[in-house]
Amino acid sequence: MSTQTANAPAHESMFEAVLARLDVAAKLMNMSEDVATILRSPIKQVKVALPVMMDNGKIEVFEGYRIVHSTVLGPSKGGIRYAMDVNQDEVMALAAWMSFKCAVANLPYGGAKGGIKCDPRTMSVGELERLTRAYATAMKDVFGVNRDIPAPDMGTSGREMAWILDEFNKVTGEDSPGVITGKPIVVGGSLGRDAATGRGVMVNTLAALKKMGLNPKEVTAAVQGFGNVGSHAARLLSEQGIKIVAIGDHTATFYNENGIDINAALEFAAKNNRVLKGFNGGTLINANDILTCNCDVLVPAALQNVITDEIAQNIQAKLIVEGANGPTMPEADPILNEKNIVVVPDILANAGGVTVSYFEWVQNKAGYYWSENEVNTKHDEKMEIAFAHVWDNASIFKTSMRIAAYITALQKIEQGVKLKGNY
Ligand code: NAD
């Protein structure tokens, strides 16, 4: 890997941080200024107020967003996040990343993202269902099987997708399972979707280790986050012989130099409200220490902006595979590059989820469903091709994997813009 860096200044705004990296990539690949101008503005931004009757009999009004960044390569695709820090800037950044992620994975989609500012952990199932249905109704003209297709993200899962599908079908009077992905199997979901993002992390990790000349059976890994992405990634990496020495979530973080029994951790979390607090498979450590602990591979799979410049200085891993969206702050990029740490960036590393979402949409449209083996085989092939493409661009443009991933995406989007023309 070369040490070409993003040279991006610190940014308050997540969307500005996306644009800073886009600028670096656009300059290196000599992309048309006009295309960069188009990509600086999301094409649609919808903000709604959602009044919901809470269990205490009082109305609470929630902020909801859906932002479509681009539809150059196809209908927009992107998850829905429930978290207290959801805001317009964050959703814009996540929507732009979806445009680039879909292009990197060679999927016929543009990018979008949605979110509701709420704390799902403190809400009852009834409150969450009413909130989710209110959001689906408010977005009935935004969503569409050939228009904009949501999916789960942080704080949402198949349960919310089934409610949105049901509400959308009621409001439109149509039965359109492909309007949303990440659904439970029985209402049109795809086998393999639940584990897909973690699976993509695993495939990218193996591909990177191979390029780095490292044997998976001789490396250790730390995984931050034990939700959808982190728990599947930890399980699948350990199934490949990688020793998982640290895991953690928002309740507890553990280190065990002899390796953590991931199946035991999964069983523990399943019985304990999906959290790790109280698990006894390792020594309790400080939450942030998971990022700088002694390991070969670091998988941040929880929050954004956790790898700051200070943390980057202390990271011991040789390889970072970004399961989460935006875990590395732009100012940490040059430090990681200088330390020759290979970073498989989010828009490649976590593209497995949207790839199998695409397969789910294809199966819904065809009304014909594939075996899990077929889904996984097709997924692995797509991820390996995407990894190779980004790796090659990193060497052609003498840049980091992150900037190379942007270049890979921008090459496709630029072609799409030019071929489709403009007003
Ligand atoms: P999730 O809600 O299922 O899990 C989030 C995990 O992060 C939980 O284990 C939670 O305890 C942990 N966490 C929260 N705060 C933490 C903290 N302060 N320290 C340590 N851990 C903390 O979410 P998810 O779907 O796994 O998403 C995680 C990340 O992956 C997000 O950035 C999301 O955008 C990204 N992502 C998800 C998918 C998907 O298919 N679910 C696809 C692509 C990217």
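Keep in mind the model is a prediction, meaning the values are calculated, not measured. In every chain, residue numbers begin from 1 and rise along the written sequence. Totals for whole chains, interfaces and linings use all residues, but because this is a predicted model, local features are given only for residues with pLDDT of at least 70 and pairs of side-chain atoms are given and counted only at 80 or more. Where side-chain values are given, they derive from all heavy atoms of the structure, hydrogens and water being excluded.

A. Main features of the packing of helix H1 (residues 14-29) against helix H15 (residues 401-420). Axis geometry follows a simple rule: fit a line to the C-alpha atoms, using only the stretch in contact for helices, then measure angles between N-to-C directions, giving values from 0 to 180 degrees. Note on conventions: DSSP H or I runs of at least 4 residues are helices, E runs of at least 2 residues are strands, and numbering of each starts at the N terminus. In the contact formed by H1 and H15, the axes pass within 9 Å of each other and the chain directions differ by 75°. Viewed along their axes, H1 and H15 adopt a mutual orientation that is roughly perpendicular. In this structure, H1 contributes Val18, Arg21, Leu22, Val24, Ala25, Ala26, Leu28 and Met29 to the contact, and H15 contributes Arg402, Ile403, Tyr406, Ile407, Leu410, Gln411 and Glu414. For the contact of H1 with H15, the class distribution of residues is 11 nonpolar, 1 polar and 3 charged. Angle categories are assigned with fixed cut-offs, so that under 35 degrees is roughly parallel, over 145 is roughly antiparallel, 65 to 115 is roughly perpendicular, and the rest are oblique. Residue contacts follow a heavy-atom distance rule, with two residues in contact if any of their heavy atoms lie within 4.5 Å. The nonpolar class holds Ala, Val, Leu, Ile, Met, Phe, Trp, Tyr, Cys and Pro. Asp, Glu, Lys and Arg form the charged class, and all remaining residues, Gly among them, are polar.

B. Inspection of the sheet that holds strand E5 (residues 148-152) at higher detail. Two strands are said to pair when DSSP picks up at least two bridges between them. Reading across from one edge, E1-E2-E4-E3-E5 is the order of the 5 strands in this open sheet, with mixed pairing throughout. Strands at the two margins of the open sheet, each flanked by one partner only, are strand E1 (44-53) and E5. Looking at each pair of strands side by side, their axes are set apart by 20° on average, direction ignored. Across 5 bridges, strand E3 (residues 76-83) lies against E5 in parallel orientation. The residue bridging Ile80 from the neighbouring strand is Pro152, located in E5.

C. The arrangement of a nonpolar patch on the surface in detail. Two joining distances apply to patches: 9 Å for like charges and 5 Å for nonpolar side chains (Val, Leu, Ile, Met, Phe, Trp, Tyr), and every residue must have over 30% relative accessible area and no salt bridge. Note on areas: Shrake-Rupley, 1.4 Å probe, and residue coverage restricted to the protein chains presented here. In what follows, salt bridge is the name for a side-chain nitrogen of Lys or Arg lying within 4 Å of a carboxyl oxygen of Asp or Glu. Taken together, the side chains of Met53, Ile59 and Val61 present a nonpolar region at the surface, about 290 Å² in accessible area. Judged by relative accessible area, which is 56%, Val61 ranks as exposed. The rule is simple: take the accessible area with a 1.4 Å probe, protein chains only, and divide by the maximum for that residue type; under 20% is buried, over 50% is exposed, in between is partly exposed.

D. Here's a closer look at the domain arrangement of the protein. Parsing the protein into structural domains produces domain 1 (42-186) and domain 2 (196-349). Taking the mean C-alpha position of each, domain 1 and domain 2 sit 27 Å from one another. Facing the 11 residues of domain 1 at the interface are 9 residues of domain 2. Using a 1.4 Å probe, buried area is obtained as the accessible area two parts lose upon being combined, added over both of them. Taking both sides of the interface into account, the surface hidden between domain 1 and domain 2 amounts to around 850 Å²; carbon and sulfur atoms contribute 55%. Domain borders in the structure are assigned automatically or taken from a domain database.

E. Summary view of the site of the ligand. The near set for a molecule or strand comprises every residue that places at least one heavy atom within 4 Å of it. Neighbouring residues of the ligand: 21 residues in total, closest Arg81, Asp153, Thr197, His250 and Asn325. Any pair of nitrogen or oxygen atoms within 3.5 Å is treated as a polar contact; in protein, a donor-acceptor pairing is required on top of that, and neighbouring residues in sequence qualify only through side-chain atoms on both sides. Here an oxygen atom of the ligand and a backbone polar atom of Asn228 are 2.9 Å apart. Between an oxygen atom of the ligand and a main-chain N or O atom of Gly323, the distance comes to 3.5 Å. Burial of the ligand by the protein chains amounts to 85% of its free accessible area of 820 Å². Counting only elements with at least two residues in the shell around the ligand, the list comes to helix H6 (193-212) and helix H7 (228-239). The residue makeup of the shell around the ligand, split by class, is 7 nonpolar, 9 polar and 5 charged.

F. The nonpolar core, seen in detail. Phe100, Ile247, Val344 and Met401 are the most contacted members of the largest nonpolar core, which has 97 residues in total. Looking at this core, the element that brings in the most residues is helix H3 (residues 88-104), giving 12 residues. Each of domain 1 (42-186) and domain 2 (196-349) gives at least three residues to this core. Leaving out residues up to four positions away in the same chain, Ile247 has contacts with Val223, Phe226, Ala252, Thr253, Phe254, Ile260, Ile262, Ala265, Leu276, Phe279 and Ile290. The criterion is simple. A nonpolar core is a set of buried Ala, Val, Leu, Ile, Met, Phe, Trp, Tyr and Cys residues joined through side-chain atoms within 4.5 Å. Formed by 24 residues, the second largest nonpolar core is a distinct cluster that contains Val48, Tyr82, Phe143 and Met161.

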